[in-house]
Amino acid sequence: MPSLFTVGLPMTASVAAKAANPISVAVLGTGMMGFPMAQRLCAAGHRVHVWNRTRAKAEPLAAAGANVHRYAADAVRHADITISLLENGPVVADVLFAQGAAQALRPGSLYIEMASIQPSEARDHAARLGEMGVSHLDAPVSGGTVGAEAGTLAIMAGGKPADFQRALAVFAALGRATHVGPHGAGQLAKLANQMIVGITIGAVAEALLFAAKGGADMAKVRQAISGGFADSRILQVHGQRMIERDFAPRGRMAVQLKDLRNALATAADIGFDAPVSSLLEGLYAQSIDHGLGALDQSGLFVELASRNAMQ
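If you're wondering where the values come from, they're calculated on a predicted model, not measured in any experiment.

1. Describing the packing of aromatic side chains
1) Next: All told, the structure shown has 2 aromatic pairs when counted by the stated rule.
2) Next: Centre to centre, the rings of Phe-164 and Phe-171 are 6.1 Å apart; their planes meet at 45°, and the pair counts as tilted.
3) Next: The class of Phe-171 is buried, set by a relative accessible area of 1%.
4) Next: Residue placement shows Arg-128 over the ring face of Phe-97; its charged tip is 3.7 Å from the ring centre.

So, in structure tokens, the structure goes:
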């Protein structure tokens, strides 16, 4: 029976506790999530090696103490633990198996996929790396850039319990980690998370716009229902962004659509009917078709406002 337990204490953005036993860690992908996560690993005292397809995005990490590499294979060559925060499953497979990163991983080292990919892709990567003597966890995260900067991410890990234990020293700098099952289970948990996030953003946006269309003050409506059964993290954070019309990307609309499509593909694989997620996938797809793909995922509000002729 798979273990199910949670570890890791959040640390403030300004004070990251030094690791008792520093580890050599490679971080592949220093985008909106990877950059602050690499910063926290440096602050915790780990020996950090970083690589990004666009090197300029990784170079500022040198000031935090990271070693910046031109090639992914060079970044992982001497790492005890490698963390991948690449865009999607096909990109992960390309970097690992086409660009030579997998061959450069040390036998006995641990590879952790922390970006969101399909569970089937995670299981395939685990099997292929296992044949090369490399251990694997899929450990996607939730909490956005705010959680990455503060070290308060929710980390959902799938894989062997022993490998989860090995990863704890790294996870401690990043947030709260829970082992949820075998390979692929971490990605299943993240897809469930993204189904809830995407659906709830749609519900909050539609409800606030409905109230405004009828003549109510959106900000006051949000205030009134806070603390009741309709309250949620989405209402508090994304609802406030909707009221302020603040759609600067923290988690982009296009990424939310990718995650919903991964969820629906996985649902099809396991014979699960997901009609609510299907509806929201269509709404996000139409939003992107209308030029909103670069907005924060709460920008679904803009699409729904447009449908109701509301500016």
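2. So, the pattern of salt bridges
1) Next: Tallying each qualifying case throughout the model produces 10 salt bridges.
2) Next: Note that Glu-59 is salt-bridged to Arg-55, the shortest N-O span being 3.3 Å.
3) Next: Here Glu-59 falls in the partly exposed class, since its relative accessible area comes to 43%.
4) Next: Measuring nitrogen to oxygen at the nearest pair gives 2.8 Å for the salt bridge that ties Arg-261 to Glu-281. Of this pair, Arg-261 sits in helix H12 (residues 253-270) while Glu-281 sits in helix H13 (residues 275-289); the two residues are 20 residues apart in sequence, bridging distant segments of the chain.

3. Quick notes on the packing of helix H9 (residues 185-213) against H12
1) Next: Contact pair H9 / H12: the axes reach a minimum separation of 9 Å and the direction vectors enclose 120°. Judged by the inter-axis angle, H9 sits oblique to H12. Remark: the crossing between H9 and H12 carries left-handed chirality. Counting all contacts with H9, which are made through Leu-188, Leu-191, Gln-194, Met-195, Val-197 and Gly-198, the residues of H12 involved are Gln-256, Asp-259, Leu-260, Asn-262, Ala-263 and Thr-266.

4. Considerations on unusual backbone geometry
1) Next: Even without being a glycine, Arg-245 presents a positive backbone phi close to 55°.
2) Next: Relative to the helices and strands, Arg-245 is located in the loop between helix H11 (233-244) and H12.
3) Next: Overall, the relative accessible area of 40% leaves Arg-245 in the partly exposed class.

5. Structural notes on the nonpolar core
Considering soluble globular proteins, one finds that nonpolar side chains tend to be buried as a cluster.
1) Next: Grouped together as the largest cluster of nonpolar side chains are 35 residues, with contacts concentrated most on Leu-41, Val-50, Ile-83, Ile-112, Met-114, Ile-155 and Phe-171.
2) Next: Taken together, the elements giving at least two residues each to this core come down to strand E2 (24-28), helix H1 (34-43), strand E3 (47-51), strand E5 (81-84), strand E6 (110-113), strand E9 (153-159) and helix H8 (161-171).
3) Next: Of all the elements, H8 adds the most residues to this core, at 5 residues.
4) Next: Once residues lying within four places of it in the same chain are set aside, the contact partners of Val-50 are Val-27, Thr-30, Ala-38, Ala-58, Leu-61, Ala-66, Asn-67, Val-68, His-69 and Ala-75.
5) Next: Formed by 24 residues, the second largest nonpolar core is a distinct cluster that contains Leu-209, Met-253, Leu-283 and Leu-300.

6. Things to note about helix H4 (residues 89-98)
Note on helix geometry: an α-helix contains 3.6 residues per turn, so any two residues three or four positions apart are oriented the same way.
1) Next: All of the buried residues along H4 are Gly-89, Val-92, Val-95, Leu-96 and Phe-97. For H4, the angular spread of the buried residues around the axis is 165°, confining them to a single face. In H4, the exposed residues that point more than 90 degrees away from the buried face are Pro-90 and Ala-98.
2) Next: Its side-chain oxygen 3.0 Å from the backbone nitrogen of Val-91, Asn-88 forms the N-cap of H4.

7. Looking at H8
1) Next: Residues of H8 that are buried include every one of Asp-163, Phe-164, Ala-167, Leu-168, Val-170 and Phe-171, and no others. Looking down the long axis of H8, one finds its buried residues gathered within 165° of arc, a one-sided arrangement.

8. Quick look at the environment of Leu-283
1) Next: For Leu-283, the location among the structural elements is in helix H13.
2) Next: Separated by 20 residues in sequence, Leu-283 and Glu-303 place their C-alpha atoms 8.1 Å apart.
3) Next: Residues contacting Leu-283, with those up to four places away along its chain left out, are Leu-300, Glu-303 and Arg-307.

9. Let's talk about the environment of Ile-81
1) Next: Among the structural elements, Ile-81 can be located in strand E5.
2) Next: Ile-81 gets classed as buried once you look at its relative accessible area, which sits at 4%.
3) Next: Between the C-alpha atoms of Ile-81 and His-136, which are 55 residues apart in sequence, the distance is 9.7 Å.
4) Next: Sequence-distant contacts of Ile-81, that is, excluding residues within four places in its chain, are made with Ile-23, Ser-24, Val-25, Ala-26, Leu-110, Ile-112, Arg-166, Ala-167 and Val-170.

10. Considering the pairing of E9
1) Next: Taking burial as the measure, the 7 residues of E9 include 7 buried ones, the bulk of the element.
2) Next: As judged from the 2 bridges shared by strand E7 (residues 135-138) and E9, these two strands associate in the antiparallel manner. Its bridge partner being in E9, Leu-137 is matched across the sheet by Gly-159.
3) Next: As paired elements, strand E8 (residues 141-142) and E9 share 2 bridges and run antiparallel to each other. Along E9, the bridge assignment pairs Val-141 with Ile-155.
4) Next: For the handedness criterion, the β-α-β arrangement of E9, H8 and strand E10 (residues 175-181) is classed as right-handed.

Rules used throughout
Residues numbered from 1 in each chain as written. Predicted model: local features only at pLDDT ≥ 70, side-chain atom pairs only at ≥ 80, totals over all residues. Heavy atoms only, no water. Phe/Tyr/Trp six-rings, centres within 6.5 Å; stacked < 30°, edge-to-face > 60°. Buried < 20%, exposed > 50% of the residue type's maximum accessible area, 1.4 Å probe, protein only. Lys NZ or Arg CZ within 6 Å of the ring centre and 35° of its normal. Salt bridge = Lys/Arg side-chain N within 4 Å of Asp/Glu carboxyl O. Helix = DSSP H or I, 4+ residues; strand = E, 2+ residues; numbered from the N terminus. Axes fitted to C-alpha atoms, helices over the stretch in contact; angles between N-to-C directions. Parallel < 35°, antiparallel > 145°, perpendicular 65-115°, else oblique. Left-handed = near helix turned anticlockwise from the far one by under 90°. Contact = heavy atoms within 4.5 Å. Core = buried A, V, L, I, M, F, W, Y, C linked by side-chain atoms within 4.5 Å. Arc of directions from axis to C-beta. Polar contact = N/O pair within 3.5 Å; in protein donor to acceptor, adjacent residues only side chain to side chain. Pairing = 2+ DSSP bridges. Right-handed = clockwise from strand over helix to strand, strands pointing away.

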